[in-house]
Amino acid sequence: MTFLPKPKFRHPAIETNELGLTHRDYEGSISTLCAGCGHDSISSAIMHACYELNLPPHRIAKLSGIGCSSKTPTYFLGNAHGFNSVHGRMPSVLTGANVANRELIYLGVSGDGDSASIGFGQFAHSIRRGVNMVYIVANNGVYGLTKGQFSATADKGAKLKKGAVNSDSPIDLVAMALQLGATFVARSFSGDKGQLVPLIKAAIEHRGPAFIDCISPCVAFNNHEGSTKSFDYVREHNEAVNALDFVTERAPITTSYAPGDMQVVRLHDGTFIRLRKVGADYDVHDRIAAMNYISTREASGEVVTGLIYLEDHPEDMHDHLDTVSTPLNRLGDAELVPGQAALDKINAGLR
Amino acid sequence: MKPERFDPADYFHKVVDCQWACPAHTPVPEYIRLIAAGRYADAYMINWESNVFPGILGRTCDRPCEPACRRGRVEKEPVAICRLKRVAADFKDDVRPRMPAKSEFKNGKRVACIGAGPASLTVARDLAPLGYEVVVFDAEPKAGGMVRTQIPKFRLPEEVIDEEVGYVFDLGVEFRHGHRVESMSAFLAHDWDAVFVGTGAPRGRDLEAPGRKEAAAHIHLGIDWLANVAFGHVTKISKRVIVLGGGNTAMDCCRSARRLGGEDVKVVVRSGFEEMKASPWEKEDAMHEGIPILNYMVPKEFRHVGGKLTGVLFEKVRAEYDAKGRRSLVPSGEPDEFLECDEVLVAVGQENAFPWIERGIGIEFDKWDMPVVDQETMASTLPHVFFGGDSAFGPKNIIWAVAHGHAAAVSIDRMCHGLDPSVRPHPGYSLISQKMGIHEWSYDNAISAQQRLKVPLVENRKALGDIKLEVELGFDVVRAFEEAQRCLNCDVQTIFTEKLCIECDACVDICPMDCITFTADGPEGDLRARLNAPANNVEQALYTSDALKTGRIMAKDEDVCLHCGLCAERCPTGAWDMQKFNVKLPRAGASCRSTA
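Quick caveat, the model's predicted, so the values are computed rather than measured.

## Re the overall build of chain A
Secondary structure summary: chain A contains twelve helices and 13 strands in total. Sorting the 351 residues of chain A into buried and exposed places 46% on the buried side. Sequence-distant contacts, at least 24 apart, represent 71% of the contacts inside chain A between residues at least 6 apart.

Below, the structure written as structure tokens:
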């Protein structure tokens, strides 16, 4: 943990985005996590994604639960809305906030403990409801705040620092998200910002439940030999299904890639992502095939990363519930409290 | 892009911009930290070892360190290094017990220094403690050279000169004052083991124009006039004075004139205001005292009535630049301007003069009638005769004179030990970790947001009434601390160890200046274009590693690094460490005689 505030000086030739902000304007207070924590890299990737997308920080809401991961919203987007909820309850609070004001961008930041253990049910239901959000799990396979016991995402056979071996089956959050109907599913690695930043940008632009499982080595308790969530292990076993370029220009793309090597995907707001296929013939639009693929690869010890699944025509909770398009805070008393006559009409309809 | 031969002594020395820019390579950040800690005498001694005259230089140095200061690239203005040096001199305790003792041992070698200015005194200071018998000759009654004769007392009080010149003579150096060397060949007959010439650039350049001879009684050469003021021969001047010239001597002239009765004092320069040779702060000080500086005016005629000066006629010019960027001054077409005045001070340059060195005794002179001197050894073509200060390469400044003195002392010491003076030992260095705890460093790594502080001045009314009253009050201890905290501690270097790095990106994420990038290796030009922040200042090096586990390298642009140590604080494996760099430059004595 660093005690000094980060100096205010910035590079004299620092670039600004369309809003006139530098990437440093997307910072929060200085991190109190352990030096080298993967979570800090995820925070940095979020800041860069928001900077590059020209997002005004005050139009973003960042929500989290409890854990090392859930401390991180303090360390980025100091001018965004924030809510640090009870352990594992971030998805419910986020859902509620989204119901009330659908115009903000919702970033749910959670960890493997917060989402795969105490908040497993919450995680599942927010995904299956189709809440429009970016749900990022900083996944390190251990409980860092309580000194490194195995979490529910630790692989069977993985070793703790002192040699204890995990005998329980792991929860694969990517597989869960696919099964539960997330319309954007990705896995990445905190040590690879080249992959992570475009994924976060695409997830923010995606309208629907976007889930990113980000492997984030715990340098204090889970970065040793025998760990399957260490920098070395992930780098050795990382199998990226595609490389992704996020294209901000809202015009069709002409590229020099050979047909078949590249896939252009249009997002709801007219932006594009460009996927370069790596290795296997992988189709991001086939959910069943994706589930098969990751099960097969993971059985042979690979860590599949990249954009794993993308639904081209996602729906979100507001579509299902047919809610009013205006955020509730902009509706007047007359709309919010329609009166006895309106209630009577509803009651009559239910008789 | 790892250079084939990475020389740590040079590489890390260059990162300490101020120290690298200082001709005497004074370890600036080190003494600034001591000032912040209130250890003024320690700070003074570090200066004394490097530059011999901390109190004098703390008031008069041309400060090449300040334009180089990294703070100036990060924020608006550099650290006030020069005036902090004065703080060390002002607040120190008695430093005499810390000075080297008079050498009991005599090595039997005799060295003469001609001229008692800063260059000669540096040679004497470096050699006397080693057992040399050093004799300094000067025509004036007191030592100091131009420091004493040309710098006005309101900028540099006499006591400061006496004190620091005194430390040199306390080492057992003999001073033959009032002794002008009239003939070099006769002088060399005395069998000196080495002779050092530090006679400065003693002749003021004159300005030929109609009326110059007729009105001679009212037209003075700047440096001669300043010397006369310094020795009290001149105590007043007329009310209306014009100073011709745009260098620091012109600034000293006009400000002295203001104090000796000049009420309407003007500086008139040929060139534009921006191109004047005077340091910006000296121009500011002059203007602060109500002295206008008029530019693009070339003196054409001294007008007089029967030998009594009435004024100067000027031609108006403008600057024109040719394709190569060379400037010429061409008439602007405006009518000439006549400025009335009673006296003129001519400060348009200084020249060297060696009428006392006979030609043909082995000391070669070039086509500009300057001695042929080796840039590194300071040796003339006569092997045991050395030159330094303004007499070597023309007018420079005090800190260069000191640097020349050190270099000549090394040459003399090597020569007197039978070693070749042209072989110069490579500097040594040390790098010592400053880590004191998990996030504790032995230096103050918090970055102060304080802007440069101004040195308080005596109010004009009082200052202009007394030519001996020092006009700058200097920093008090509170201001000195605030200013010292602006220093970025560039000597505390960011040291990277490849084999410890796990490429977690923590350093990249935390760096406030975006200095660090992990990327594919490549040639320097290509690499500079691919970094996280533009690395356009090619004067500043890229610090690069060998290939890491992922095949990438670490590349750090040194340009605007704050040396805040956050990269090292956020590094989980200690791959980054903050280490204090200390360069050990060879000086006269054992260190210059080993070539290991």
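And the narrative resumes.
## Here's the deal with unusual backbone geometry
Residue and element names in this part refer to chain B. The phi dihedral of Val 52 falls on the positive side, at around 65 degrees, and the residue is not glycine. Inspection of the secondary structure assignment puts Val 52 in the loop between α4 (40-51) and α5 (54-60). Using a count of 26 C-beta atoms within 10 Å as the deciding quantity, one classes Val 52 as buried. Of note, Asp 191 is a non-glycine position whose phi angle comes to about 55 degrees, a positive value. Relative to the assigned elements, Asp 191 resides in the loop between α12 (184-188) and β4 (194-197). The class of Asp 191 is exposed, set by 6 C-beta atoms lying within 10 Å.

## Thoughts on the domain arrangement of chain B
All names here are of chain B. Domain boundaries assigned for chain B yield domain 1 (110-202 + 352-416) and domain 2 (204-349). The centre of domain 1, based on its C-alpha atoms, is set 31 Å off from the matching centre of domain 2. With six residues of domain 1 at the interface, the matching set in domain 2 holds nine residues. Looking at the side of domain 1 that touches domain 2 residue by residue, the classes come out as three nonpolar, two polar and one charged.

## Some thoughts on the interface of chain A and chain B
Tallying the contact residues gives 25 residues for chain A and 29 residues for chain B. For the side of chain A that touches chain B, the secondary-structure elements that each account for two or more residues are α1 (38-52) and α8 (231-237) of chain A. For the side of chain A that touches chain B, the element with the highest residue contribution is α1 of chain A, accounting for four residues. The residue inventory of the side of chain A that touches chain B, partitioned by class, reads twelve nonpolar, seven polar and six charged.

## Overview of the pairing of strand β8 (residues 209-215) of chain A
All names here are of chain A. Taking burial as the measure, the seven residues of β8 include seven buried ones, the bulk of the element. On β8, burial covers both faces: Pro 209, Phe 211, Asp 213 and Ile 215 on one face and Ala 210, Ile 212 and Cys 214 on the other are all buried. With seven bridges connecting them, strand β4 (residues 133-139) and β8 associate as parallel partners. Residue Ile 136 lies in a different strand from β8, and its bridge partner there is Ile 212.

## Describing the sheet that holds strand β9 (residues 293-294) of chain B
Residues and elements named next belong to chain B. Strand order in the open sheet formed by five strands is β6-β14-β7-β8-β9, and the pairing between neighbours is parallel. Two strands in the sheet have a free side with no partner beyond their single neighbour: β6 (219-221) and β9. Relative to strand β14 (residues 343-346), strand β7 (residues 240-244) runs parallel, the two being bridged by four bridges. Residue pairing for β14: Ile 242 is matched across the bridge by Val 344. With respect to the sheet, helix α13 (residues 222-230) is in contact with β6 and β14, its orientation differing from that of β6 by roughly 85 degrees.

## Some points on the nonpolar core
Residues Val 134, Ile 200 and Ile 308 of chain A together with Ile 35 and Leu 127 of chain B are the most contacted members of the largest nonpolar core, which totals 206 residues. With 13 residues, the top contributor of residues to this core is helix α17 (residues 398-416) of chain B. Those residues in contact with Leu 127 of chain B that sit more than four places away from it in its chain are Val 111, Tyr 132, Val 134, Ala 409, Ile 412, Asp 413 and Ala 588 of chain B. Residues Met 297, Cys 341, Val 346 and Val 348 of chain B belong to the second largest nonpolar core, which totals 37 residues.

## Re the confidence of the model for chain A
Where the model shows low pLDDT, its predicted coordinates should not be examined in detail. For chain A, the mean per-residue pLDDT works out to 90, and 89% of the residues sit at or above 70. For the stretch residues 250-259 of chain A, pLDDT sits under 50, and the model shows ten contacts to residues farther than four places along the chain or on other chains.

## Description of helix α5 (residues 120-129) of chain A
Helical geometry note: an α-helix holds 3.6 residues per turn, so side chains three or four residues apart project in the same direction. Residue and element names in this part refer to chain A. Residues of α5 that are buried include every one of Gln 122, Phe 123, Ser 126 and Ile 127, and no others. Looking straight down α5, one finds its buried side chains confined to an arc of 125 degrees; they lie on one side. Buried residues along α5 sit against α3 (90-100), α4 (112-116), α6 (173-180) and β8. A positive phi of about 75 degrees marks Gly 130, the residue just after α5.

## Observations regarding the sheet that holds strand β13 (residues 303-310) of chain A
Where strands meet in a sheet, backbone hydrogen bonds hold them as pairs that are either parallel or antiparallel. Residue and element names in this part refer to chain A. In space, the eight strands of this open sheet follow the order β2-β1-β3-β4-β8-β7-β13-β9, with mixed pairing throughout. Taken across any chain shown, the strands that pair with only one partner, and hence form the sheet edges, are β2 (81-84) and β9 (238-240). When strand polarity is set aside, the average angle formed by the axes of neighbouring strands in this sheet is 20 degrees. Pairing between strand β1 (residues 60-64) and β2: four bridges, direction parallel. Bridging across to β2, Ala 61 finds its partner in His 81. Docked against the sheet, α6 engages β4, β7 (184-189), β8 and β13, running at close to 170 degrees with respect to β7.

## A closer look at the packing of helix α3 (residues 28-36) of chain B against helix α8 (residues 81-91) of chain B
Residues and elements named next belong to chain B. In the contact formed by α3 and α8, the axes pass within 10 Å of each other and the chain directions differ by 50 degrees. By the angle class used here, α3 and α8 are oblique. Taken as a pair, α3 and α8 cross one another with a handedness that is left-handed. Of the residues in α8, those touching α3 at Val 28, Tyr 31, Ile 32 and Ile 35 are Ile 81, Leu 84, Val 87 and Ala 88. A per-class count over the contact of α3 with α8 returns eight nonpolar, no polar and no charged.

Conventions we followed
- Residues numbered from 1 in each chain as written.
- Chains lettered and ligands numbered in written order.
- Predicted model: local features only at pLDDT ≥ 70, side-chain atom pairs only at ≥ 80, totals over all residues.
- Helix = DSSP H or I, 4+ residues; strand = E, 2+ residues; numbered from the N terminus.
- Buried ≥ 20, exposed ≤ 12 C-beta atoms within 10 Å, placed from the backbone.
- Contact = placed C-beta atoms within 7 Å.
- Domains from an automatic or database assignment.
- Nonpolar A, V, L, I, M, F, W, Y, C, P; charged D, E, K, R; others polar.
- Pairing = 2+ DSSP bridges.
- Axes fitted to C-alpha atoms, helices over the stretch in contact; angles between N-to-C directions.
- Core = buried A, V, L, I, M, F, W, Y, C linked by C-beta atoms within 7 Å.
- pLDDT = per-residue confidence, 0-100.
- Arc of directions from axis to C-beta.
- Parallel < 35°, antiparallel > 145°, perpendicular 65-115°, else oblique.
- Left-handed = near helix turned anticlockwise from the far one by under 90°.

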